[in-house]
Amino acid sequence: MSIRSEELNNEPPPNDGNGSTKITMRCYIWGKCINGPDAHYEGGEICVFDYVEVTGISLFEMDRMLENEARVYGDKRYHILVEEYGFRRLWHDKELYAYCADYLDYGRHVDLYIEVSFAEILRLQMGYDYEEDDYDDDYVLEGGINGESEEHNGCNSDASSGEFSGKDSDYEMEEEDDDDYEDNVDQNVEWLGIENQVEEERKMIAKGKMIAAAQRDIGSDSESDVDNSDVDATPDSESDFESLHGSGDEQCTKPPMFNPKDMHNPKIKLKQYFSNFKEFKEAVRTWNIKRERPFKFVKHDKVKVMAKCPREGCDWYIYARKLSGEGSVQVRTFQKQHKCGFSYHNESVRSSWVAKNYCETIRENPKLDLKSFTNKIMKENKCFLSKYQGYRAKRVATKIVQGDETDHYKKLPDYINEIKRSNPGTTVIMKVVDGYCDAVTRQQKFQRLYMCFAGVKQGFLAACRPIFGLDGTFLKGPAGGVLLTAVGVDPNNGFYPIAYAATEGETKDSWMWFLTLLREDLQMERDYEWTIMSDKQKGIIQACEAVFPNCDHRFCVKHLHSNFSVAGFKGTTLRRALWKAAKATTLAKFSTKMRELAEIDIEVAKWLGTKQPIEWTRSHFRTFSKCDMLLNNICESFNSKILHARKEHIVGLMESLRHYVMTRLQQNRDMAKSKWKKLKFCPRIMKRVKKNMDMATQCFPIKSNDDDYEVGCPYGETYCVNIKERMCTCRKWDLTGIPCSHAISAIWIARKDPMDFIDQCYSVEAYLKCYANCILPVNGEHDWTHTHVTPPLPPTYGRAPGRPKKLRKKGEDEIQQKKEKGNKMNRVGQVIKCNYCGEKGHNKRSCNIRKEQLENAAIEGTQATQSASQQVGSCTELFEISLNEASSQTGADTTVDNQCVNTCSGPAKTIARKGAKRTSENIVLPNQRKRKAQRSQRQNMAATEDIISSAPTPELNLHKCPTFHCLRCHI
């Protein structure tokens, strides 16, 4: 190490060759660092050191070097100047080493800006205690102390004597004390003592720093990079990290740190810091994709990452390195501009990147279709995305939005506790698999979850009729399973969800578990007054018989007709006859409809005879429920409203169902209060009463007494009505509680209002009672109380192989009805007959015998064409031979025009081809009603031979004239 003279300070650093670890250090001393928009070093002088060894350099060595070579004493603060960010202080040896090591490959020239203060010396020598905030006022600006300076080895340095700027009352002396001071104080001894003790005090301070650094190094587990050729050394503790990036009072010197919130449109700069390599790589990928440019990572290890443009001629390049002692990554080299052009087919766009950047799009619109999702990505990023990339990206984004399946089941205990806390009286039962316990985690496995809110069951018991429907619908979430639902009927004949449960499937055991809990919630003590509507799904019949032995169990007629069609009884006539029998309200009418059905097909009557009439026809229904419905539409309507919820995880499923039911209760309650104020009964009931009134005008009532009436109908039927008992022998009034047309005509004769005879279960007052209760709101997940209950493991219901089905599989009867709505008649149920072979069950197009004939005809036609071509060829050869013989006999040089040969041989070929074609047509299209296959084949083959034999052969006409003329073309 050597110090330069003042006149050589501006000379370039010496060249020591590659591999050297020595640098030139330019030290700015006796000045002050000024931060701000225009950061600069104010005042001071420059001292340059050559051949400074980087290995082993430290703040202590810098103090020793400045004090011994440049006579710079005092407390020193070392700073570096970072472009665009101002001065940054070096607090530790590793920071100084890292800074110097970085410049081994970049000019071997280092600038250090040093602030000098004598506060520490004054405190040690004279007992003057400076506060930390006063340090900034104690820096020596220029000219040294008292403006005096001395030259030491060509370097301008300050004298070791001077005075401090602070004032203290203990040191203030009056004029009369000057003489005593001069007589008793030796100035040489005072300042000489300070000068002699400076080095010792600095050594003590440096020794304390070294001990503290050694203790930190022992306690840290970080790795240090000792490769002098390419070294990045940074602090390895939290305090060091803070000092590296600036403390609270040095925010202006804080280096650029990447903000993860800018990941959607990152801005990368030189010397920028990233938290880790993953964040850096994601930012680089997004940066290039937003600029429609490709890139490629060419190197990635534990220390550094490099990326470049894969196109030839483009020098875009970025290099980042991990700082030693911490996990942050810094950009060391960055070539910003791409020289290559725009690329629509950008290989950098991957499905994983799309999923991460567009998961919010899926969150906002879960129903977004694949085509719209892909078009949105290509439009925003000006890139191409294949169909399969879009599908994978959407699937991953959906998984990110919905979360992991195991995490959802971990939330279940806290979620159940929150539901019970917010809605007291709500029944929430979770069942786990019996006898299962994980050997490692000791967790049980989820099986079922039942939920019935207190407000819902209170409203149902207050105003709804004793009837409900049961149904199960498949769940399309990750775990699969089946959602069991119980849906009632409100006073307006709308559906009213009561309870639901997520189970493993529609089995007898799951239905019995669900119905047992439902019976307890609905307090069904007299079950003979209740009616259940369902389809004939697996296990539901046996479960209802076990849990509700005295209930009326109706079956949906639509599902009955589906089984009816599967049994082989198809057609519109049979379907209409079945519905007429189901709608019959009296035993006599039911018997009549069954006889009409037997006249159409006796097997149909026998098949229906195996079914209990009480399960599917109104003529046998009991009147407790005041409901005559034949379809389970209440459950089907509810299932159609929760299609989106069926795709979610267990907690999302339950929350979506809760939100829907809570919203429906509120909307129906507000609608009744605002729009039905003037109504006594619900709108759907009023519509039905109005229809009966229109029909009542055609009835002829005869009064027997004040209560009994005989009512005749236009078609000859006669019914008895008792307005006091509210009954009619047609049983419509008894079944529904709504006066039928016969009853209304009798009520009019009695001069009473038909509205007074409608059952009160249809009133607006009952409707408001039904929807008076509500589902109370629930706190978010962040406020759920932890229950310390072991969460269950996700279920293993199992899913069917292949892609999950989105649409319900429709039955044959539904397909038939859809076709009947069109403009073209269908042939479902008709027996077709083949016109070719005369057999039933297929038509001419699908006839196997006809297909065989077509194949044989094609083969025979090909053979006939080939034989005809051979005969035409032989005729042409014979014609040429004859011409040669004639030419040799006459001795004349006669030429035959090729046009004659082509003209003569062309028609022969054409006739042969047409003959073969007519032959194949005769074989393909025989007189199919009169001829047999073998006979037509023989006749057609004979015709083919006649046509081929009758094909004209070119003839030779030799005249006396040496020129020959063709008889066919006269050439």
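Within an unreviewed UniProt entry, the label attached to the protein chain reads SWIM-type domain-containing protein, and the organism entered is Coffea arabica.

Draft legend 1. Molecular detail of the packing of aromatic side chains. According to the stated counting rule, one finds 31 aromatic pairs in the structure shown. Between the aromatic rings of Tyr-415 and Trp-784, the centroid separation amounts to 5.5 Å while the plane-to-plane angle is 50°, which identifies the pairing as tilted. Of this pair, Tyr-415 sits in helix H13 (residues 412-422) while Trp-784 is found in the loop between helix H26 (764-770) and helix H27 (812-820), placing the two residues 369 residues apart along the sequence. Between Tyr-496 and Tyr-771 the ring centres are 5.4 Å apart and the planes differ by 65°, which places this aromatic pair in the edge-to-face class. With Tyr-496 in strand S18 (residues 495-503) and Tyr-771 in the loop between H26 and H27, this residue pair connects regions lying 275 residues apart in the sequence. Taken as a pair, Tyr-496 and Tyr-771 share a single burial class, namely buried. Chaining the aromatic ring pairs together yields one cluster made of Phe-460, Phe-468, Tyr-496, Trp-530, Phe-548, Trp-676, Tyr-767 and Tyr-771. We note Lys-281 situated over the ring of Phe-297; from NZ or CZ to the ring centre the distance is 4.9 Å. For Lys-445, the ring lying beneath its charged end belongs to Tyr-436, and the centroid distance is 4.3 Å.

Draft legend 2. Summary view of the pattern of salt bridges. Counted under the stated rule, the structure contains 24 salt bridges. Arg-26 is the salt-bridge partner of Asp-111, the closest N and O atoms lying 3.7 Å from each other. One end of the pair, Asp-111, is in strand S6 (residues 109-117); the other, Arg-26, is in strand S2 (residues 22-34), with 85 residues separating them in the sequence. Arg-26 gets classed as buried once you look at its relative accessible area, which sits at 11%. A salt bridge links Glu-504 to Arg-448; its shortest N-O distance comes to 2.9 Å. Taken as a pair, Glu-504 in the loop between S18 and helix H15 (508-522) and Arg-448 in strand S15 (residues 446-452) lie far apart in primary sequence, 56 residues in all.

Draft legend 3. Examining helix H17 (residues 557-566) more closely. The set of residues buried in H17 consists of Val-557, Leu-560, His-561, Phe-564 and Ser-565. End-on, the buried residues of H17 take up no more than an arc of 140°, which puts them together on one face. Gly-568 occupies a position one or two residues after H17 and carries a positive phi of about 105°.

Draft legend 4. Expanded view of the UniProt feature "domain: SWIM-type" (unreviewed entry) in the protein chain. The UniProt record annotates "domain: SWIM-type" (unreviewed entry) at residues 719-751. Annotated as residues 719-751, this span is 42% helix and 18% strand, and its ends, taken at the C-alpha atoms, are 19 Å apart.

Draft legend 5. Local environment of a positive patch on the surface. The grouping of Lys-583, Lys-589, Lys-687, Lys-691 and Lys-732 at the surface amounts to a positive patch. The topology assignment puts Lys-687 in helix H23 (residues 683-696).

Draft legend 6. Molecular detail of the packing of helix H18 (residues 572-583) against helix H19 (residues 587-600). In contact at an axis separation of 9 Å, H18 and H19 are set at 165° when each is read in the N-to-C sense. On the basis of the axis angle, H18 is roughly antiparallel to H19. Here H18 runs over H19; the crossing is left-handed. Contacts from Thr-573, Leu-574, Ala-577, Leu-578, Lys-580 and Ala-581 in H18 reach Phe-590, Lys-593, Met-594, Leu-597 and Ile-600 in H19. Split into classes, the residues belonging to the contact of H18 with H19 amount to 8 nonpolar, 1 polar and 2 charged.

Draft legend 7. Region of the structure containing the sheet that holds strand S21 (residues 700-703). One open sheet accounts for 4 strands, arranged S21-S22-S23-S24; its pairing is antiparallel. Among the strands making up the open sheet, the edge pair consists of S21 and strand S24 (727-728). On the sheet, helix H25 (residues 741-749) packs against S21, strand S22 (708-712), strand S23 (718-722) and S24 and is oriented at approximately 125° with respect to S22.

Draft legend 8. Highlighting the nonpolar core. Among the nonpolar cores identified, the biggest contains 85 residues, and Phe-468, Leu-470, Phe-514, Leu-515 and Leu-518 are the most heavily contacted of them. The biggest single contributor to this core is helix H22 (residues 650-675), with 9 residues. Apart from the residues lying within four places of it in its own chain, the contact partners of Phe-468 are Val-487, Gly-488, Ile-498, Leu-518, Leu-522, Met-524, Trp-530, Thr-531, Ile-532, Met-533, Phe-548 and Ile-634. Counting 32 residues, the second-largest nonpolar core is a separate cluster that includes Trp-30, Tyr-97, Tyr-99 and Ala-101.

Draft legend 9. Spatial organisation of a nonpolar patch on the surface. A cluster of nonpolar side chains, Phe-342, Tyr-344 and Phe-384, forms an exposed patch at the surface whose accessible area comes to about 290 Å². Considering the arrangement of structural elements, one finds Phe-342 in the loop between strand S13 (329-335) and helix H8 (351-357). By relative accessible area, which is 47% here, Phe-342 ends up partly exposed.

Draft legend 10. Local environment of the sheet that holds S18. Ordered by their spatial adjacency, 7 strands build an open sheet running S14-S15-S18-S17-S16-S19-S20, and the pairing between neighbours is mixed. The sheet terminates laterally at strand S14 (427-432) and strand S20 (552-555), the two strands that pair on one side only. Ignoring which end each strand starts from, the neighbouring axes of this sheet average 20° apart. In this structure, strand S16 (residues 467-474) lies alongside strand S17 (residues 482-489), joined through 7 bridges in antiparallel fashion. Within the sheet, the bridge partner assigned to Gly-469 lies in S17 and is Val-487. Where H22 meets the sheet, its contacts fall on S15, S17 and S18, and the angle it forms with S18 comes to roughly 175°.

Draft legend 11. Inspection of the side chain of Glu-292 at higher detail. Secondary-structure assignment places Glu-292 in the loop between helix H7 (277-290) and strand S10 (296-300). Look at Glu-292: it is buried, it has no salt bridge, and the nearest opposite charge is Arg-293 at 4.3 Å. Glu-292 has contacts with Gly-341, Phe-342, Ser-343, Asn-346, Asn-381 and Lys-382, leaving out every residue within four places of it along the chain.

Draft legend 12. Seen up close, the environment of Asp-111. Here the alpha-carbon distance between Asp-111 and Leu-81, two residues 30 residues apart in the chain, equals 8.1 Å. Apart from the residues lying within four places of it in its own chain, the contact partners of Asp-111 are Arg-26, Tyr-28, His-79, Ile-80 and Tyr-99. Here His-109 takes part through its side chain, which lies 3.0 Å from a polar atom of the side chain of Asp-111.

Draft legend 13. Representation of the packing of H17 against H18 in the model. Axis separation between H17 and H18 bottoms out at 11 Å; the angle between their running directions is 140°. In terms of orientation, H17 and H18 fall into the oblique class. For H17 against H18, the interelement crossing comes out right-handed. The residues of H18 that touch H17, namely those facing Val-557, Lys-558, His-561 and Phe-564, are Leu-574, Arg-575, Leu-578, Trp-579 and Ala-582. A class-by-class count of the residues in the contact of H17 with H18 yields 6 nonpolar, 1 polar and 2 charged.

Draft legend 14. Local environment of the UniProt feature "domain: CCHC-type" (unreviewed entry) in the protein chain. Taking the UniProt record as the reference, the feature "domain: CCHC-type" (unreviewed entry) is found at residues 833-847. Counted over residues 833-847, helix gives 0% and strand 0%. Its end C-alpha atoms are 10 Å apart.

Draft legend 15. Quick peek at the pairing of S10. The sheet contact formed by S10 and strand S11 (residues 304-308) spans 4 bridges and is antiparallel. Its bridge partner being in S11, Lys-299 is matched across the sheet by Met-306. Adjacent in sequence and paired antiparallel, S10 and S11 are bridged by 3 residues.

Draft legend 16. Representation of empty space enclosed by the protein in the model. With the rule as written, the count across this model stands at 3 cavities of 30 Å³ or more. When its volume is computed, the largest cavity comes out at roughly 120 Å³. Contributing to the lining of the largest cavity are 15 residues, with Tyr-409, Ala-479, Gly-480, Glu-648 and Ile-650 lying nearest its centre. Among the secondary structure elements, those contributing two or more residues to the lining of the largest cavity are helix H12 (405-410) and H22. By residue class, the composition of the lining of the largest cavity is 9 nonpolar, 3 polar and 3 charged.

What counts, and at which threshold
- Residues numbered from 1 in each chain as written.
- Predicted model: local features only at pLDDT ≥ 70, side-chain atom pairs only at ≥ 80, totals over all residues.
- Heavy atoms only, no water.
- Phe/Tyr/Trp six-rings, centres within 6.5 Å; stacked < 30°, edge-to-face > 60°.
- Helix = DSSP H or I, 4+ residues; strand = E, 2+ residues; numbered from the N terminus.
- Buried < 20%, exposed > 50% of the residue type's maximum accessible area, 1.4 Å probe, protein only.
- Lys NZ or Arg CZ within 6 Å of the ring centre and 35° of its normal.
- Salt bridge = Lys/Arg side-chain N within 4 Å of Asp/Glu carboxyl O.
- Arc of directions from axis to C-beta.
- UniProt positions renumbered as here; feature names shortened; annotations may be inferred.
- Patch = residues over 30% accessible without salt bridge, like charges linked within 9 Å, V, L, I, M, F, W, Y side chains within 5 Å.
- Areas by Shrake-Rupley, 256 points an atom, 1.4 Å probe, with all protein chains shown as cover.
- Lys, Arg positive; Asp, Glu negative; His and termini not counted.
- Charge placed at Lys NZ, Arg CZ, Asp CG, Glu CD.
- Axes fitted to C-alpha atoms, helices over the stretch in contact; angles between N-to-C directions.
- Parallel < 35°, antiparallel > 145°, perpendicular 65-115°, else oblique.
- Left-handed = near helix turned anticlockwise from the far one by under 90°.
- Contact = heavy atoms within 4.5 Å.
- Nonpolar A, V, L, I, M, F, W, Y, C, P; charged D, E, K, R; others polar.
- Pairing = 2+ DSSP bridges.
- Core = buried A, V, L, I, M, F, W, Y, C linked by side-chain atoms within 4.5 Å.
- Polar contact = N/O pair within 3.5 Å; in protein donor to acceptor, adjacent residues only side chain to side chain.
- 1 Å grid on protein atoms, 1.4 Å probe; cavity = no way out; pocket = protein on both sides within 12 Å on 5 of 7 lines; lining within 4 Å.
- Points joined across faces, edges and corners; volume = space filled by probe spheres on them.

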